[in-house]
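Here's the letter readout for the chains.
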Amino acid sequence: MAEYNPKNFLILAVDDNSINRIMLEKILAKAGYQIKVLADSEEFLNMIGSVKPDLMLLDLMMPKIDGLELCRLIKAKANYKEVPIIFLTASDSKDNVIEAFRSGAVDYVTKPFNNEELLARIKTHIELKFTRDQLRKALVDLEKLATTDELTEIANRRHFLNLATREFNIAKRQKRSFSMIIFDIDHFKNINDNYGHPVGDIAIKLVAQKCQQSIRGEDLCARWGGEEFIVVVSDTLIDAAKRVANRIRREIASISLPIDDHNFKITVSVGIAQYQENDKSLDQIVSRADKALYRAKNNGRNQVVLEHELLDIPSEEVK
């Protein structure tokens, strides 16, 4: 954890006793915390959502809505679920303490409280919350690194294979269909050789963006490797997938890279294969789509080729 600095944290206290409020504000402000002190539970409920404290201090006994009920109401709010709550109470009755923890509190301090003890408990629970928050963020970042291509910020090959394998298994079990689209950037080596790898990276990122914009939310576009991309089109037969592929191809063809005082156009060659009942693995579909892609390149590039066009059979015969 970074060096603990109280000025980075907001503490909200609710206490119906004016003397306690003055003391709390003085103690916490002197320690360097941001502090907001309220007179009753209703005052807090009226402003809930407009303030997000790092920790709350609640008086246990208050009129109308006591501290226990307020604690339950706070913990029912998704945005406040992780905010630590410390009760301030004149009673150390075990029943009260147990009920306080049941309602969602993390600690309690008895009145009259010792200033150093109160500050120590506050620091402990704010540090714990901060550490948990940092761990959650780190886990999210790690998951993103594991599933996202760093350059394009779309799915990477590993994540694609995991999701596409799931799609394959569902299709096998439920006798559904899906199609696979593979495409890569035409003459990409020339872009790198003539204009440099930074321009090549820009081209790859723009192609990824156009692909994402051209598919449905339930479909998945991933960077397959280098300048090559792959798409799973869920619940879609090959002729419908061809329309998707042509939309992707046209959108990419609309890209204009301003290089050396002229606009450089990008095109892609595309191959498509459809899941068939006798497929035993995802690799078989990828292989057929890949062969169709290379036929598109051999035919002159900037076009879509379907797997059955390799066999010269009608599309309706592809199961």
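Residues numbered from 1 in each chain as written. Predicted model: local features only at pLDDT ≥ 70, side-chain atom pairs only at ≥ 80, totals over all residues. Heavy atoms only, no water.

Once that is clear, we can look at the pairing of strand S8 (residues 228–234). Regular strands place their side chains on alternate faces of the sheet. Taking burial as the measure, the 7 residues of S8 include 7 buried ones, the bulk of the element. Across the two faces of S8 the burial is the same, with Glu228, Ile230, Val232 and Ser234 and Phe229, Val231 and Val233 all buried. Bridge analysis of strand S6 (residues 178–185) against S8 gives 7 bridges, and the strand direction is antiparallel. By the bridge assignment, Ile181 is partnered in S8 with Val231. Two strands pair when backbone bridges link them, and strand S7 (residues 220–225) and S8 are joined in this way by 5 bridges, in the antiparallel orientation. Among the inter-strand pairings, Leu220 is bridged to a residue of S8, identified as Val232. (Buried < 20%, exposed > 50% of the residue type's maximum accessible area, 1.4 Å probe, protein only. Helix = DSSP H or I, 4+ residues; strand = E, 2+ residues; numbered from the N terminus. Pairing = 2+ DSSP bridges.)

The next thing to look at is the domain arrangement of the protein chain. What the domain assignment lists for the protein chain is domain 1 (6–143) and domain 2 (157–311). One C-alpha centre belongs to domain 1, the other to domain 2; they are set 53 Å apart. (Domains from an automatic or database assignment.)

The subject of this paragraph is the UniProt feature "domain: GGDEF" (unreviewed entry) in the protein chain. Using the residue numbers shown here, the UniProt feature "domain: GGDEF" (unreviewed entry) corresponds to residues 176–309. Between the C-alpha atoms that bound residues 176–309 the distance is 22 Å, and the span itself is 46% helix and 29% strand. (UniProt positions renumbered as here; feature names shortened; annotations may be inferred.)

Attention now moves to the pairing of strand S11 (residues 268–274). Where burial is concerned, most of S11 is hidden: 7 out of the 7 residues are buried. As judged from the 7 bridges shared by S6 and S11, these two strands associate in the antiparallel manner. Looking at the pairing, Phe183 lines up with Val270 of S11. With respect to chirality, the unit in which S11 leads through helix H10 (residues 282–298) into the neighbouring parallel strand S12 (residues 304–306) is left-handed. (Right-handed = clockwise from strand over helix to strand, strands pointing away.)

A word on a nonpolar patch on the surface. Residues Leu139, Leu142 and Leu145 make up a contiguous nonpolar surface patch of roughly 350 Å² in combined accessible area. Mapped onto the secondary structure, Leu145 falls in helix H5 (residues 115–147). (Patch = residues over 30% accessible without salt bridge, like charges linked within 9 Å, V, L, I, M, F, W, Y side chains within 5 Å. Areas by Shrake-Rupley, 256 points an atom, 1.4 Å probe, with all protein chains shown as cover. Salt bridge = Lys/Arg side-chain N within 4 Å of Asp/Glu carboxyl O.)

With parallel pairing, 5 strands are arranged side by side in an open sheet as S2-S1-S3-S4-S5. Two strands lie at the open edges of the sheet, namely strand S2 (34–38) and strand S5 (107–110), each paired on one side alone. The average angle at which neighbouring strand axes cross in this sheet is 20 degrees, direction not considered. Pairing geometry for strand S4 (residues 85–89) and S5, over 4 bridges, is parallel. Of the residues in S5, the one forming a bridge with Leu88 is Val109. (Axes fitted to C-alpha atoms, helices over the stretch in contact; angles between N-to-C directions.)

What follows concerns the nonpolar core. Counting residues in each nonpolar core, the largest one holds 33 residues, and the members touching the most others are Ile181, Phe183, Ile185, Val231, Ile266 and Ile272. For this core, the secondary-structure elements that each account for two or more residues are S6, helix H7 (188–195), helix H8 (197–214), S8, helix H9 (238–253), strand S9 (256–259), S11 and S12. Grouped together as the second largest cluster of nonpolar side chains are 22 residues, Leu10, Met56, Ile74 and Ala105 included. (Core = buried A, V, L, I, M, F, W, Y, C linked by side-chain atoms within 4.5 Å.)

Another point: unusual backbone geometry. Backbone torsion omega between Lys111 and Pro112 reads -10 degrees, so that peptide bond is classified as cis. Positionally, Pro112 belongs in the loop between S5 and H5. Residues other than glycine seldom take positive phi values, yet Lys64 does so here, at roughly 65 degrees. Here Lys64 is to be found in the loop between strand S3 (55–59) and helix H3 (67–75).

What follows concerns the pattern of salt bridges. With the rule as written, the count across this model stands at 22 salt bridges. Salt-bridge contacts for Lys137 lead to Asp141; the nearest nitrogen and oxygen are separated by 3.1 Å. Of this pair, Lys137 and Asp141 both sit in helix H5, 4 residues apart, which is roughly one turn of that helix.

Looking now at the packing of helix H1 (residues 18–31) against H5. Between H1 and H5, the shortest axis-to-axis distance is 11 Å and the interhelical angle comes to 60 degrees. Overall, the two elements H1 and H5 adopt an arrangement that is oblique. Two packed elements cross with a definite hand, and for H1 against H5 that hand is right-handed. For the pair H1 and H5, the contacting residues are Leu24, Ile27, Leu28 and Ala31 in the first and Asn115, Leu118, Leu119 and Ile122 in the second. Here the residues of the contact of H1 with H5 sort into 7 nonpolar, 1 polar and no charged. (Parallel < 35°, antiparallel > 145°, perpendicular 65-115°, else oblique. Left-handed = near helix turned anticlockwise from the far one by under 90°. Contact = heavy atoms within 4.5 Å. Nonpolar A, V, L, I, M, F, W, Y, C, P; charged D, E, K, R; others polar.)

The first and last C-alpha atoms of H10 sit 25 Å apart over 17 residues, in line with the 24 Å expected at 1.5 Å per residue. Among the residues of H10, those classed as buried are Leu282, Ile285, Val286, Arg288, Ala289, Ala292, Leu293, Ala296 and Lys297. Backbone geometry just downstream of H10 places Gly300 in the positive-phi region, at approximately 125 degrees. (Expected span 1.5 Å × (residues − 1).)

It is worth spelling out the packing of aromatic side chains at this point. Counted under the stated rule, the structure contains 8 aromatic pairs. Consider the rings of Phe44 and Tyr80, whose centres lie 6.0 Å apart with planes at 90 degrees: the pair is edge-to-face. Here the residue Phe44 occupies a position in helix H2 (residues 41–47), and Tyr80 occupies one in the loop between H3 and S4, the gap between them amounting to 36 residues. As far as the burial class goes, Phe44 and Tyr80 line up, both buried. Between Phe168 and Tyr275, the aromatic rings sit 5.5 Å apart at their centres with planes inclined by 90 degrees, giving edge-to-face as the arrangement. On the criterion of sequence distance, the pair formed by Phe168 in helix H6 (residues 157–174) and Tyr275 in the loop between S11 and H10 is long-range, its members being 107 residues apart. Tyr275 matches Phe168 in its accessibility class, with the two residues each being buried. Just above the ring of Trp224 sits the side chain of Arg157; from NZ or CZ to the centre is 3.7 Å. (Phe/Tyr/Trp six-rings, centres within 6.5 Å; stacked < 30°, edge-to-face > 60°. Lys NZ or Arg CZ within 6 Å of the ring centre and 35° of its normal.)

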